[in-house]
Amino acid sequence: MSDSKSQTKSTDLRAAGPRFGGGHGIGRPVEKAADFWGTARKLFALLGPDRFKMVLASLFSIAAVACVVAGPKVMALATNKLAEGIALIMRAQLTGAETLPSIDFDYIGRIALILIGLYCLGALLAYIQQTLTVTVTQDLVRTLRRMVSEKLDRLPLSFFDTQTYGEILSKITIDADLISTNLQQAMSQTMTSLFTLIGIIIMMFTISWKLALVSLIAVPGSILVTALIAPRSQKFFADQQARLGDLNGQIEENFAGHIIVKAFNREEANIERFGKTNEDLYGSAWKAQFMSSIIMPLIHFISNVQYVVIVVYAAILSAAGQLPIGDILAFIQYIQQFGQPIQQVAQIANVIQGTIAAAERVFNLLDEPEETPDALKPAQLSAPRGLVEFDDVDFDYVETNPLIRDLTLTAKPGQTVAIVGPTGAGKTTLVNLLMRFYDLNSGQIRVDGVNTADMNRHDVRKLFGMVLQDTWLFNGTIAENIAYGREGATREEIEAAAKAAFADHFIRTLPQGYDTILAEDGSNLSVGQRQLLTIARAILADSPIMILDEATSSVDTRTERLIQEAMNRLTEGRTSFVIAHRLSTIRDADLILVMDKGRVVESGTHDELLASDGFYAELYNSQFSQEAEAA
C-alpha cells in the first residue's frame, strides 16, 4: 500500500538481540528495571495457586541443605572417636600396658551409615525441590506467554504502527525465555545458597565462635574487591556489546546487500570498515574480560590467606586442648564450602536484575491500552447486500495532524469504487477504517444501514475480503494457504477457487501440486503467482465486500492481464473498493473517488472526471505521459 500509514515493518531482528552481557558472571552488565519492586510484585502475583508449591519447595530446600550442611559435623563425631581411640592406643603403648585399648569401629560404622543416609536424603529432597521449582517457573512463563499472545490480539493497529516486529518478537521470545531460564535458576539457587550460607555459619559457630569470627573477616574484603572492580568491567562490557551490535549490523548489511556491494565494487571498502570495527571490538572485549577475570583470582587470594590464618589458629586451639581434631577438619570443610554460596548469591543478584528487567518489558506490553471493547449487545447483519456509507467521517492518527475530515460517500451494492490520489492522501486509511482497524474520531461508517461501531469487530471483518499489494503467505502447503480464507474448506472448494483465480494451471505444474510446501513468505514463487494465490484465498472467503490493493506494478504485462482478469472475477457481483495506482486499470469502475489530503476532492466515472479537467485529469495525464516516455 502506498500511504502515509504503510504497514510495512522492519524485520531487523537485531532489535530482538540479547540485552545482557552474555553470561551471569560477576562484572557482566545487566539491564536494570525502572520499577524493580513493582515488577517483582506483578511477577509474584502470577504464581497464583503455585505459591503453595513454592512454600513446599522452600521447605524441601531447607531440609536438603540441613542434610548436606550437617554432614561435616556428623563426620567430626566419627573422626573424634577415631582420633580418641588412636590416642588411647598410643598412650597405652608409651606406658607399656599389657592390653591395648581398641577403636570403637561399631560407633564409627553407625556414624558412616547415618552420614550416607543424610546425603541420600538430601539428594532426594533436593530433587523434589528442583522438580517443584521447575514446575512453578514453567507454569508462570506459560501463563505469561499466553497473556502476551491474547494481549496482542486485543491491541489496536496503532500499537503495531509504532513498534518494530523485532521489538515485539523480543518480548514474546527472548524476554520470555530469559524469564524462564533465569527465574528457574534464581529461585532454585537463591533458596539453596541462602540456606546453605546460613547453615554453614550456624555450624561454624557451634564448633568454635572464635574461628567463626576469624573466618568472617575475609567477607568484607571480597565484597570490597567486587565493588571496586565490577563497575569498571561493566562499562567495558557495555562498550563491547555496543561494538558487537555494530559488527553484527555490518555483517547483516553485507549479506543482505551483497549484490549491490559487488555491483558498486565496494568489497575492499567493506572489508576495511569491518576490520576497523573488529579491532575496536577486540579492544573492548579484551578490557572487559580482563577486568572481569581478575575478580576471582583476588577473591581466591583473600580466601587462601584466610585459610592459612584459620589453620594456624585452629592448630593453636587444638594444641591447647580447646578443639578436637575432628571439629577442626569439619570447620575446614565448612570454610571451603563457605565461598561458593557467597559467589552464587552475587551472581544471582545479577540474574534477578536481568529477570525483572525482562519481566518489566513484558508487563509494559501487557499494560498497553487495548482496542475499545465491542458493544455488549452487538448489531447483526443477517444477509448483507454490500451498501457502504461514510457519513461525515473525521479521523487522524495524531491529534495535531488531521488526516480525514468531513468524508461522506456511498458505495451501492455491487458497485466497484476506485480510490485514487497521491501518496499520503488517505487511501489506505480509508480501508483501515472500513475494517475497523481504527476507530473514528467522529461520524459513522454504515453497512446496509448498520453502524459498524455497533457491530462486533469479528463480524465486521467477516464482511470484507482483502487482496493487498504486499502478499502474505505462510510456511505451509499451497492448499493450506488458500484455505486460510475459510475455515473447514474442502479440497474441491480450494481447487475451484484456484481455478477461478487462474492459479490452478501453475499450481499443477509444481512437483507436489497443491501439496507443495511454500517457503517463508512464498519466496519460492514469483510475485504474480503469489498474488494469484491471495486472490484465490479471497474468492474462497466469498465475502460480500472486497478490498483490493492493485498489485500489478511489479509483474510483466501478461501476468498483469491475468491478475486483472482474476480480480474482475473476484469483484463480480460484489461491492468492491479498489486502491488504484495505475489509473488505466480503473477506467471501468462505477465510481472513482479522488482523494487529496484526507478529503474526496472529486468523484465520478472515468470519462466524467477527464471531462471535468480537474485533479484526476491532471493525475491521469501525468501518468499517461510518463508511461509513454517509458515505452
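Residues numbered from 1 in each chain as written. Predicted model: local features only at pLDDT ≥ 70, side-chain atom pairs only at ≥ 80, totals over all residues. Heavy atoms only, no water.

Let's shift gears to the overall build of the protein chain. Counting its secondary structure elements, the protein chain contains 20 helices and 10 strands. Computed over C-alpha atoms, the radius of gyration of the protein chain comes to 37 Å, more than 25% over the 25 Å expected from 2.2 N^0.38 for 631 residues, which places it beyond the range of a compact globule. Based on the C-alpha atoms only, the size of the protein chain along its principal axes is roughly 135 × 60 × 55 Å. Residue burial in the protein chain is summarised as follows: out of 631 residues, 43% are buried. Excluding contacts between residues fewer than 6 apart, the proportion of contacts in the protein chain whose partners are at least 24 apart in sequence is 79%. Here the protein chain displays about 32600 Å² of accessible surface, and carbon together with sulfur accounts for 59% of that area. (Helix = DSSP H or I, 4+ residues; strand = E, 2+ residues; numbered from the N terminus. Rg over C-alpha atoms; globule rule 2.2 N^0.38 Å. Buried < 20%, exposed > 50% of the residue type's maximum accessible area, 1.4 Å probe, protein only. Contact = heavy atoms within 4.5 Å. Areas by Shrake-Rupley, 256 points an atom, 1.4 Å probe, with all protein chains shown as cover.)

Right, let's get into the environment of Asn248. Tracing the chain through its elements places Asn248 in helix α7 (residues 218-256). A relative accessible area of 37% places Asn248 in the partly exposed class.

Bringing empty space enclosed by the protein into the picture now. Using the criterion set out here, one finds 2 cavities of 30 Å³ or more in the structure. Here the second largest cavity defines a volume of roughly 40 Å³. Forming the boundary of the second largest cavity are Leu144, Arg145, Val148, Lys171, Ile172, Ala176 and Val362. Elements with a minimum of two residues in the lining of the second largest cavity: α3 (105-154) and α5 (165-207). Class assignment for the residues of the lining of the second largest cavity results in 5 nonpolar, no polar and 2 charged. (1 Å grid on protein atoms, 1.4 Å probe; cavity = no way out; pocket = protein on both sides within 12 Å on 5 of 7 lines; lining within 4 Å. Points joined across faces, edges and corners; volume = space filled by probe spheres on them. Nonpolar A, V, L, I, M, F, W, Y, C, P; charged D, E, K, R; others polar.)

Time to look at the packing of aromatic side chains. Within this structure, the stated rule accounts for 7 aromatic pairs. Measuring from ring centre to ring centre gives 5.3 Å for Trp286 and Phe290, while their planes differ by 5°; the resulting arrangement is stacked. Separated by 4 residues within a single helix, Trp286 and Phe290 lie in helix α9 (residues 267-293), roughly one turn from each other. Judged by its relative accessible area of 40%, Phe290 is partly exposed. (Phe/Tyr/Trp six-rings, centres within 6.5 Å; stacked < 30°, edge-to-face > 60°.)

Attention now moves to the sheet that holds strand β4 (residues 442-447). Sheet strands pair via backbone hydrogen bonds, and the direction of the pair is either parallel or antiparallel. On the basis of which strands lie adjacent, the open sheet formed by 4 strands has the order β2-β1-β4-β5 and antiparallel pairing. Both edges of this open sheet fall to β2 (404-411) and β5 (450-451), since each of them pairs with a single strand only. One ladder, built from 2 bridges, connects β4 with β5; its direction is antiparallel. Bridge assignment links Arg446 to a residue of β5, and that residue is Asn451. Helix α12 (residues 427-434) rests against β1 (388-395), β2 and β4 of the sheet, and its axis sits at about 110° to β1. (Pairing = 2+ DSSP bridges. Axes fitted to C-alpha atoms, helices over the stretch in contact; angles between N-to-C directions.)

Between the first and last C-alpha of helix α2 (residues 51-95) there are 66 Å, a value that for 45 residues agrees with the 66 Å anticipated at 1.5 Å per step. Its axis deflected by about 35° at Gly71, α2 carries its strongest bend there, up to four residues before the proline Pro72. (Expected span 1.5 Å × (residues − 1). Bend = angle between axes of the 7 residues up to and from the residue.)

In this structure, Asp406 takes a positive phi of about 55° despite not being glycine. Here Asp406 is to be found in strand β2. With relative accessibility at 45%, the residue Asp406 sits in the partly exposed group. If you check the backbone angles, Asp448 has positive phi at about 55° while not being a glycine.

This brings us to the packing of α2 against α3. It is the contact of α2 with α3, at a shortest axis distance of 8 Å, that shows an interaxial angle of 160°. Regarding the angle of α2 to α3, the classification is roughly antiparallel. In the packing of α2 onto α3, the handedness of the crossing is left-handed. Partitioned by chemical class, the residues of the contact of α2 with α3 number 28 nonpolar, 6 polar and 3 charged. (Parallel < 35°, antiparallel > 145°, perpendicular 65-115°, else oblique. Left-handed = near helix turned anticlockwise from the far one by under 90°.)

Moving on: the nonpolar core. Judged by nonpolar contacts, the single largest core of 44 residues is most densely connected at Ile482, Ile507, Leu533, Ile535, Ile586, Ile592 and Tyr616. For this core, the element with the most residues is helix α17 (residues 527-541), which contributes 7 residues. Residue contacts for Ile592: discarding those within four places in its chain leaves Ala418, Val420, Ile586, Glu602, Ser603, Gly604, Thr605, His606, Leu609 and Tyr616. Counting residues in each nonpolar core, the second largest holds 33 residues, with Phe395, Leu407, Leu430 and Met595 among its members. (Core = buried A, V, L, I, M, F, W, Y, C linked by side-chain atoms within 4.5 Å.)

This paragraph deals with the pairing of strand β8 (residues 575-579). Counting buried residues in β8 gives 5 out of 5 residues, a clear majority hidden from the surface. Neither face of β8 is left uncovered, since the one carrying Thr575, Phe577 and Ile579 and the one carrying Ser576 and Val578 both have all their residues buried. Taken together, the 4 bridges between strand β3 (residues 416-420) and β8 define a ladder with parallel strand orientation. Each bridged residue has a counterpart across the sheet, and for Val417 the counterpart in β8 is Phe577.

On to the side chain of Asn270, then. Structurally, Asn270 can be placed in helix α9. Here Asn270 falls in the buried class, since its relative accessible area comes to 16%. The contacts of Asn270, once residues within four sequence positions are left out, are Asn254 and Val261.

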